[in-house]
Amino acid sequence: MTSFFPRLKTLLAASAVALSLQPLAHAAETAPAEVHLDYAYYSPVSLVLKHFGFLEKALPQTKVSWVLSQGSNRSLEYLNSGGVDFASSASLAAVLSRANGSPIKSVYVYSRAEWTALVVRKDSPYQTVADLKGKKIAATKGTDPYLFTLRSLQQAGLKKDDVELVHLQHPDGRTALEKGDVDAWAGLDPHMAASQVQAGSRLLYRNPAFNSYGVVSVTEQYAKEHPQTIDTVIKAYEQARDWALKNPDEFAALLAKESGLPLDVAKLQLSRTDLSSPQLSQQDISASKAAAPILVSEELVRRGVNVDQVIDQLLNSGVQQAVAHQ
């Protein structure tokens, strides 16, 4: 389990990703009239950013609009449709989106969290992933929990067709599990933490290495046209992350209030959320590439796509300079 109280890095080092985007600017940028961002309960730092209005203060001449995302799939749909300019998602979900034709770039790491696991009811007889053969598993397609499920099945010697995947949004997956409509659920915090605390649900299979990190992404076009705005947004995120690290009790209380969940649920979620480093690292790249074979074998990406190349394209808007500053 990752620690919630890691050593705080300096803001200057953390800004490496944003600063590396500056060469894209060919002239002084005019601040956009409006900036659209998503916020999500699986990205608690975004709740801090929205609550304190750090970005509104940094962009006084720009209207800042917020959209709630229930999962990576929704977040990336909003980004690709123009509903948001900045989207919060799991990194593997962003890889999947880019591999299937969406021209996006990931510019910031908002957390590294063990936010997904395979969950069963407290009275479930299942003890291993292999026990789920022939059973129903709820998962939200195109999200980190979905990819976590595929990798977990593969590791257990099972194929996707050996189980029945029921495609439900995260909150609906929790409901289906607790009602007994499915045998297991690919959980996502805070819904997973809530199910543990409120329904006694049990984590059947955990693997932090299969959890991808959380990223904020923009379109390539936006990166070219608004590098200074991206810099401003990342600095505002850094203010929010700094506050979260320095005020853990208030942070948990804010997450509980915004999500409508009990405080003990928020604390459980945050106990497995690492906010220590917003920088992309070589380890992050390697972890993403380790998941590439499952994307290809399960035909989740278009035929002929080089997923490793996609990952480099997704992350190269600053990752090398960020790594250099480690």
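Residues numbered from 1 in each chain as written. Predicted model: local features only at pLDDT ≥ 70, side-chain atom pairs only at ≥ 80, totals over all residues. Heavy atoms only, no water.

Asks: Even after reading the chapter, I still don't get the packing of helix α9 (residues 191–199) against helix α13 (residues 263–271), so can you show me in this structure?
Replies: Relative placement of two packed helices is described by the angle separating their axes and the distance separating the axes. For the pair α9 and α13, the least separation of the axes is 9 Å and the interaxial angle reads 130°. Taken together, α9 and α13 sit at an angle that is classed as oblique. Classified by chirality, the crossing of α13 by α9 is right-handed. On the side of α9, the interface is formed by Ala193, Ala194, Gln196 and Val197, while α13 contributes Asp264, Val265, Leu268 and Gln269. When its residues are assigned to classes, the contact of α9 with α13 shows five nonpolar, two polar and one charged. (Axes fitted to C-alpha atoms, helices over the stretch in contact; angles between N-to-C directions. Helix = DSSP H or I, 4+ residues; strand = E, 2+ residues; numbered from the N terminus. Parallel < 35°, antiparallel > 145°, perpendicular 65-115°, else oblique. Left-handed = near helix turned anticlockwise from the far one by under 90°. Contact = heavy atoms within 4.5 Å. Nonpolar A, V, L, I, M, F, W, Y, C, P; charged D, E, K, R; others polar.)

Asks: Would you explain the side chain of Glu114 in this entry?
Replies: For Glu114, the location among the structural elements is in the loop between β4 (104–113) and β5 (116–120). For Glu114, the side chain forms a polar contact with the side chain of Arg206, separated by 2.8 Å. (Polar contact = N/O pair within 3.5 Å; in protein donor to acceptor, adjacent residues only side chain to side chain.)

Asks: Please clarify how the pairing of β4 should be interpreted in this entry.
Replies: The side chains of a regular strand alternate, residue by residue, between the two faces of the sheet. Among the ten residues in β4, ten count as buried, and that is most of the element. As defined by bridge partners, β4 adjoins strand β10 (residues 214–219) across six bridges and the pair is classed as antiparallel. Counted as the bridge partner of Ser111 is Gly214 from β10. Sheet topology note: the β4/strand β11 (residues 273–274) ladder contains two bridges and is antiparallel. Residue pairing across strands places Ala113 opposite Thr273, the latter belonging to β11. (Buried < 20%, exposed > 50% of the residue type's maximum accessible area, 1.4 Å probe, protein only. Pairing = 2+ DSSP bridges.)

Asks: Just checking my understanding: could you explain the sheet that holds strand β7 (residues 164–167) for this structure?
Replies: Within a beta sheet, neighbouring strands are joined by backbone hydrogen bonds and run either parallel or antiparallel to one another. Read across the open sheet, the five strands follow the order β7-β6-β8-β5-β9; overall the sheet is mixed. Across the chains shown, the open sheet's two edge strands, defined by having one partner strand only, are β7 and β9 (202–205). The sheet shows a mean angle of 40° between the axes of neighbouring strands, direction not considered. Both β5 and β9 contribute to a ladder of three bridges, which runs antiparallel. Each bridged residue has a counterpart across the sheet, and for Leu118 the counterpart in β9 is Tyr205. Across the sheet, helix α7 (residues 144–155) touches β5, β6 (136–139), β7, β8 (184–188) and β9, and the angle it forms with β5 is around 70°.

Asks: What am I meant to see in the environment of Ser195 here?
Replies: Structurally, the position occupied by Ser195 is in helix α9. The spacing of Ser195 and Arg174 is 21 residues in sequence and 7.0 Å in space, taken between C-alpha atoms. If sequence neighbours within four positions are ignored, Ser195 has contacts with Arg174, Glu178, Trp185, Gly200 and Ser201. Within the structure, Ser195 has its side chain in polar contact with the side chain of Ser201 (distance 2.6 Å).

Asks: Which parts of the structure should I look at to understand the sheet that holds β4?
Replies: Overall, antiparallel pairing links the four strands, which are arranged β3-β10-β4-β11 in an open sheet. Strands with a single pairing partner mark the edges of an open sheet, and in this sheet they are β3 (87–90) and β11. Packed onto the sheet, helix α11 (residues 227–246) meets β3, β4 and β10 and runs at close to 5° relative to β4.

Everything listed here is a matter of geometry and, on its own, says nothing about what the molecule does.
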